[in-house]
Amino acid sequence: MSTSLTVERKRLTIHRWPPRKGPLITLVVALISEVMSRTLLDIPLVAPLFLPIVYTAFREGREAGLISAGITVLYALYIFAIPGQPLHYTFNGMIRVAVVVGTAPGLAVLVGMFKNRVEREYTEALRMQDYQNLLLQSVNDAIIATDIDLQIQIWNPASEMIYGWQAAQVQGKAIDEVIPILRYGDGSSREQALAMLKEQAHWSGRVVQRHRDGHELQIETAMRAIYDADRRVIGYVSVNRDITEQQHARAERERLHQQLESERARFEAVLCQMPAGVAIAEAPSGKLVLGNEQLARILRYPFFPAANIAEYDRYRGFHHDRRPYQAEEWPLARSILTGEVVVDEEIDVLRGDGTTGTICVSSTPIRDRHGNITAAVSTFYDVTERRRGEEHQRFLAQAGSILADSLDYESTIASVVHLAIPHLADWCIVHLLGEDGTLQRPAVAHVNSDLEGLIREIQRRRPIDDDPESPIMEVLHSGRAQMVSEVSDDQLRYVSYDEEHYQALQRLGFKSYMIVPLLAHGRTLGAATFVSANHCYTDDDLAQAAELMRRCALAVDNARLYREAQQAVRTRNELILIVSHDLKNPLSAIKGYANFLQRRGGRDLPGVDWLEDGLSKIDATTKKMTGLLNELLDFARLQEGQTIDLDLLPTDLVALVRQTVAEYQQATDHHQISVVADVPSLVGLYDTSRLERVLANLLSNAIKYSPDGGEITVEVTQVAAPEAHVLINVRDHGLGIPANDLPHIFEPFHRAHNVVGRVRGTGIGLTSAKQIVEQHGGTLTVQSAEGSGSTFTIRLPLTTVTPDDQPL
Ligand code: ADP
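Residues numbered from 1 in each chain as written. Predicted model: local features only at pLDDT ≥ 70, side-chain atom pairs only at ≥ 80, totals over all residues. Heavy atoms only, no water.

1. Description of the confidence of the model for the chain
Part 1 of the argument: Confidence in the prediction of the chain, expressed as mean pLDDT, is 87, and 96% of residues score 70 or more.
Part 2 of the argument: The secondary structure element of the chain with the lowest average pLDDT is helix H13 (residues 409-423), at 79, and the one with the highest is strand S25 (residues 779-784), at 97.
Part 3 of the argument: Between residues 1-15, whose pLDDT stays under 50, and residues either more than four places distant or in other chains, the model counts 33 contacts. (pLDDT = per-residue confidence, 0-100. Helix = DSSP H or I, 4+ residues; strand = E, 2+ residues; numbered from the N terminus. Contact = heavy atoms within 4.5 Å.)

2. Focus: the site of the ligand
Part 1 of the argument: The immediate surroundings of the ligand are formed by 21 residues, with Asn-701, Tyr-705, Arg-751, Thr-762 and Leu-766 found nearest.
Part 2 of the argument: A distance of 3.1 Å is found between an oxygen atom of the ligand and a backbone nitrogen or oxygen belonging to Ala-752.
Part 3 of the argument: Burial of the ligand by the protein amounts to 98% of the accessible area it has alone, namely 520 Å².
Part 4 of the argument: Counting residues per element, the ones that place at least two in the shell around the ligand are helix H21 (688-704), helix H22 (765-775) and strand S26 (790-797).
Part 5 of the argument: If one sorts the elements of the shell around the ligand by residue count, H21 sits on top with 4 residues.
Part 6 of the argument: Of the residues assigned to the shell around the ligand, the class counts are 9 nonpolar, 9 polar and 3 charged. (Near = heavy atom within 4 Å. Polar contact = N/O pair within 3.5 Å; in protein donor to acceptor, adjacent residues only side chain to side chain. Areas by Shrake-Rupley, 256 points an atom, 1.4 Å probe, with all protein chains shown as cover. Nonpolar A, V, L, I, M, F, W, Y, C, P; charged D, E, K, R; others polar.)

3. Focus: the packing of aromatic side chains
Part 1 of the argument: The full count for this structure, using the stated rule, is 11 aromatic pairs.
Part 2 of the argument: Each ring, one from Phe-510 and one from Tyr-513, has its centre 5.6 Å from the other, and the planes form 55°; the classification is tilted. Each member of the pair, Phe-510 together with Tyr-513, is buried.
Part 3 of the argument: Above the ring of Phe-318, the side-chain terminus of Arg-322 is found at 4.9 Å from the ring centroid. (Phe/Tyr/Trp six-rings, centres within 6.5 Å; stacked < 30°, edge-to-face > 60°. Buried < 20%, exposed > 50% of the residue type's maximum accessible area, 1.4 Å probe, protein only. Lys NZ or Arg CZ within 6 Å of the ring centre and 35° of its normal.)

4. Focus on unusual backbone geometry
Part 1 of the argument: In the segment running from Ala-283 into Pro-284, the intervening peptide bond is cis, with an omega of 5°.
Part 2 of the argument: Summarising the element assignment, Pro-284 is placed in the loop between strand S9 (277-282) and strand S10 (288-291).
Part 3 of the argument: Backbone geometry places His-521, a non-glycine residue, at a positive phi of 50°.
Part 4 of the argument: With respect to the secondary-structure elements, His-521 resides in the loop between strand S18 (512-520) and strand S19 (523-532).
Part 5 of the argument: Note on His-521: relative accessible area 62%, which makes it exposed.
Part 6 of the argument: The backbone of Phe-749 sits at a positive phi, close to 65°, despite the residue not being glycine.
Part 7 of the argument: Within the fold, Phe-749 resides in the loop between strand S24 (725-731) and H22.
Part 8 of the argument: Residue Phe-749 is classed as partly exposed on the basis of its relative accessible area, which comes to 40%.

5. What to know about the layout of surface pockets
One water molecule sets the probe size; rolling that probe over the atoms shows where empty space is left.
Part 1 of the argument: Taken as a whole, the second largest pocket spans an internal volume of roughly 1000 Å³.
Part 2 of the argument: Lining the second largest pocket we find 29 residues, and of these Thr-356, Arg-388, Glu-391, His-423 and His-535 sit closest to its centre.
Part 3 of the argument: For the lining of the second largest pocket, the secondary-structure elements that each account for two or more residues are strand S13 (356-367), helix H12 (384-405), H13 and helix H18 (539-604).
Part 4 of the argument: Across the lining of the second largest pocket, the residue classes tally to 5 nonpolar, 14 polar and 10 charged. (1 Å grid on protein atoms, 1.4 Å probe; cavity = no way out; pocket = protein on both sides within 12 Å on 5 of 7 lines; lining within 4 Å. Points joined across faces, edges and corners; volume = space filled by probe spheres on them.)

6. Points about the side chain of Glu-631
Part 1 of the argument: Checked against the element boundaries, Glu-631 lands in helix H19 (residues 609-639).
Part 2 of the argument: Not counting chain neighbours up to four residues away, the residues in contact with Glu-631 comprise Arg-693, Asn-697, Ile-764, Gly-765 and Ser-768.

7. Some remarks on empty space enclosed by the protein
Part 1 of the argument: What the rule picks out here adds up to 3 cavities of 30 Å³ or more.
Part 2 of the argument: Space inside the largest cavity adds up to approximately 250 Å³.
Part 3 of the argument: Along the wall of the largest cavity there are 18 residues; nearest its centre are Ile-175, Asp-176, Ile-181, Tyr-184 and Met-223.
Part 4 of the argument: Breaking the lining of the largest cavity down by element, the ones donating at least two residues are helix H7 (175-178), strand S5 (181-184), helix H8 (190-200), strand S6 (202-210), strand S7 (216-227) and strand S8 (233-242).
Part 5 of the argument: Residues of the lining of the largest cavity, tallied by class, amount to 12 nonpolar, 4 polar and 2 charged.

8. As for the sheet that holds strand S12 (residues 342-350)
Part 1 of the argument: In spatial order, the strands read S10-S9-S14-S13-S12-S11; together these 6 strands make up an open sheet with antiparallel pairing. The open sheet is flanked by S10 and strand S11 (317-318), the only strands paired with a single partner.
Part 2 of the argument: Relative to strand S14 (residues 373-382), S9 is paired through 6 bridges, and the arrangement is antiparallel. Paired with Val-278 across the two strands is Thr-379, which belongs to S14. (Pairing = 2+ DSSP bridges.)

9. Some thoughts on the pattern of salt bridges
Part 1 of the argument: As enumerated under the stated definition, the model contains 43 salt bridges in all.
Part 2 of the argument: Linking Glu-252 and Arg-255 is a salt bridge whose minimum nitrogen-to-oxygen distance equals 2.7 Å. Here Arg-255 and Glu-252 lie together in helix H9 (residues 244-273), a separation of 3 residues that amounts to about one turn.
Part 3 of the argument: According to the relative accessible area criterion, Arg-255 is partly exposed, its value standing at 42%.
Part 4 of the argument: With a closest N to O distance of 3.4 Å, Arg-461 and Asp-498 form a salt bridge. Separated by 37 residues along the polypeptide, Arg-461 in helix H14 (residues 452-461) and Asp-498 in the loop between helix H16 (489-495) and helix H17 (499-508) bring together distant segments of the chain.
Part 5 of the argument: Taken together, the salt bridges that share partners define one network made up of Arg-322, Glu-346, Asp-348, Arg-386, Arg-387, Glu-390 and Glu-391. (Salt bridge = Lys/Arg side-chain N within 4 Å of Asp/Glu carboxyl O.)

10. Some words on the packing of H19 against H21
Relative placement of two packed helices is described by the angle separating their axes and the distance separating the axes.
Part 1 of the argument: Running from N to C, H19 and H21 cross one another at 100°; their axes reach a closest spacing of 11 Å. In terms of orientation, H19 and H21 fall into the roughly perpendicular class. Residues Lys-623, Gly-627, Asn-630, Glu-631, Asp-634 and Arg-637 of H19 pack against Arg-690, Glu-692, Arg-693 and Asn-697 of H21.
Part 2 of the argument: When grouped by side-chain class, the residues that make up the contact of H19 with H21 number no nonpolar, 3 polar and 7 charged. (Axes fitted to C-alpha atoms, helices over the stretch in contact; angles between N-to-C directions. Parallel < 35°, antiparallel > 145°, perpendicular 65-115°, else oblique.)

11. What about the side chain of Ser-363?
Part 1 of the argument: Along the chain, the position of Ser-363 falls in strand S13.
Part 2 of the argument: A relative accessible area of 2% places Ser-363 in the buried class.
Part 3 of the argument: A polar atom in the side chain of Ser-363 sits 3.4 Å from the backbone oxygen of Pro-331.
Part 4 of the argument: For Ser-363, the side chain forms a polar contact with the side chain of Ser-335, separated by 2.8 Å.
Part 5 of the argument: Once residues lying within four places of it in the same chain are set aside, the contact partners of Ser-363 are Pro-331, Leu-332, Ser-335, Glu-340, Val-341, Val-342, Val-377 and Ser-378.

If you want it as structure tokens, here you go:
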């Protein structure tokens, strides 16, 4: 460390040589005094010897002083003796000797003591100065002393370190030149600081000064005036501490603190704003250290800061099988205990308001860098509504499939009523109005099926239609649902007919109820009563029940309509069967008479063309009508599920086609019907008249649906492999069939929309044609496009004919 500017230090060396020199000097002075007193003065001279005594005692100490005093005493004994008589004295001489003896040793002792004291004090002063120097050198604060003009006098090593200036460079310079103050921490000015220093003799504060290399220093300074013994200010001393680093560190600390604070605030804001509930627990204790507001909102009770995992059982959770969650089964506990990461575990919970809900919980452990679990965090979502919605959809889907399963609505309603238990109610009754408006026997269900008998018994004893003011009757009349969320005991007593009824309702459980009408197409078909034993119904429950009942009502309505339609079809078919059958007899009679007249007329009235012509037309028409009646009969039989017995005979299909075409060509001038057959004849076993009807139907359609005329082609093709069969195509270039109608064209009564209202027809010809072909083991198909004509294809198996079979 470099030397400081300090008060010049003179070390006073204390000579401690042996007491030789002083006594010797005393001897010399005694000799000189002797010589001088014998020669020049002629009087005894002792006084000069006191000087060496003082000198010796001060320089060499008391002992040496006493030796010098002894020499002086000896000299006095010698010099004051009567001349020639040693040790004999005059009175005066004796007095003088006595004075010397009395003073010289005393003087030596006194000076010796004074010397010791001076020496001690000086040594002490030196020691103090040493301490001060040591202090100045060893402190870390810059200690700078100035004179009254603020010129630097002391500049300790720490000052050199802090400000970068060496002591020698700054000595005597104005402190303001070397380390001017750039700014005052408290905003005060240099003048204010100086004024305060002068007034109060001290000033302290924070300032900004500059290092020799130019960078700024944050300095904490304390300045004081230095006084002399007369309390006059002779200068100033300042102690300056470099707090730049400290300030930086503090600023950094504050920045980090603020950052931490803002992160914490952000974290808290995120936690609060999160739609999820969050709980954080310490490991390994499981102490819950945080639970956000959302958690309390979801559970509907305040966050309970459990002190350990065992206390988690204060939170009431249940598995899907209603088994309660043990404390260590909670996801948060598992994450702490085993490090398990739990994802979306659904837990039923008992909420603070006594209701149940479902939460979806995820949980994960938090580990330190060594992998040890230090905490765990768990998030919670309320999925009660979603779960209910899913259950509701599942329930409706189940109900829907039950309802769609059968058209027997009485048993279906009974199944749905059971399905509503326990999802919608603890017990349920459905009353249906019959077609005649009377109430049918109700369908009932109870979670405890043993109690269903009790419900029926109540119904039997007091049928609800006995009491027109009963809520069920009101709903049946108004078609509007009713709901009572909570039935008090008084209300239950009020609605009970008697004590027994009250007791029975209590046994069944009666906390809340809703009555929902079964409405379809504006008609009330019945009412369903849902009763809950411990849950208070809400509007949501009512909406669910209404939705279920809407579907039930539609199913009931559809089933009823279906029954009615079935009945109507049956009646129609019976009518067709009877009428067709009854019409066949008079027709056969007409045909018989026409044939008879043809035979007789030809014989009795030859040449009467008009008669023959008329009779043959009657014959043809009755044949056509018989064909139509047969078609109706077949159709009605097949619709009734009866089979028709084919009358299989060897039939030449080519000949049958040609004959039918010839008949139809006669009936039209607009169309040219041609037959293309790749073989002259094709004989197989077929029901001739029925196949003729099929061909007739296809030909008459081809003509009917080609209103502008045109060509109609009938192709007969024999196909040998893989199975021998015949294809008969009937092709026209008429209206064609729209794509939407094509898939339904063989269904009974279906008529394409491009012909309805334009061309008359019944829509049963193709149905029975297809059935006949299929009964032959063949197929009837169609290819068509609207505006491009149609091609109907009959595919018939080619059966072998034995010689016994008679050809047509
Ligand atoms: P109908 O001809 O009495 O209406 P069909 O059962 O014979 O009853 O025919 C059913 C429907 O098929 C017809 O109404 C018509 O729309 C369509 N159809 C049948 N044949 C043809 C055809 N050749 N060209 C166009 N449409 C046809």
